Amino acid sequence: FGFSFASFLTAVGVHRVHQLFQTSAIVITSCYEFGGFFFIAGTMAYMPGYHCASGLERLGGLMYLVGSMLYLVGCLISLCKTIGTYQVAREHW
């Protein structure tokens, strides 16, 4: 977890651009990062060979759902940012 989070912070700090772009990039990257974490955590409830309680399986399913929603939010924000960037660039042509 520590290495992944350190890579995330490094990737976010690489670009020196407009504040609005940097803010949306942080939100998009955070959605993908935490969506992946929820997927990994949800997988633990379905490990073969371990007899988990049904409550843990339900929690794993919920974590998959939250991870999917975070991926969806990240994609939608990225789509809006891309459309906005394209429209601004088109106005400057």
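Residues numbered from 1 in each chain as written. Predicted model: local features only at pLDDT ≥ 70, side-chain atom pairs only at ≥ 80, totals over all residues. Heavy atoms only, no water.

Concerning the overall build of the protein
What counts, and what does not: We count a stretch as a helix when DSSP gives it H or I for four or more residues in a row; a strand needs E for two or more, and each element gets its number in order from the N terminus. The rule is simple: take the accessible area with a 1.4 Å probe, protein chains only, and divide by the maximum for that residue type; under 20% is buried, over 50% is exposed, in between is partly exposed.
Scanning the protein from terminus to terminus reveals three helices and zero strands. Traced from its N-terminal end to its C-terminal end, the protein shows the element sequence α-α-α. Here the protein holds 93 residues, and 16% of them are scored as buried.

Notes on the packing of aromatic side chains
Heads up, the rule is: The aromatic pairing rule takes the rings of Phe, Tyr and Trp, using the six-membered ring of Trp, and pairs them if the centres are within 6.5 Å, calling planes under 30 degrees apart stacked, those over 60 edge-to-face and the rest tilted.
What the rule picks out here adds up to five aromatic pairs. Here the aromatic rings of Tyr46 and Tyr64 are separated by 5.9 Å at their centres, their planes lie at 20°, and the arrangement is stacked. You can see Tyr46 sitting in the loop between helix 2 (19-43) and helix 3 (54-92) and its partner Tyr64 sitting in helix 3, a full 18 residues away along the chain. When its relative accessible area of 27% is taken as the criterion, Tyr64 is described as partly exposed. One aromatic cluster is present, built from ring pairs that chain together Tyr32, Phe39, Tyr46, Tyr64 and Tyr71.

Observations regarding helix 3
Basically, it comes down to this: Working rule for helices: expected span equals 1.5 Å times residues minus one.
Between its first and last C-alpha atoms helix 3 spans 57 Å; for 39 residues at 1.5 Å apiece the expected length is 57 Å, and the two agree. When we look at burial in helix 3, the residues that qualify are Gly60, Gly67 and Gly74.

Quick look at the state of the cysteines
Cut-off, in case you're wondering: Count a disulfide wherever a pair of cysteine sulfur atoms falls within 2.5 Å.
The final tally for this structure, using the stated rule, is zero disulfides. Not part of a disulfide, Cys31 finds its nearest cysteine sulfur in Cys75, a span of 9.3 Å.

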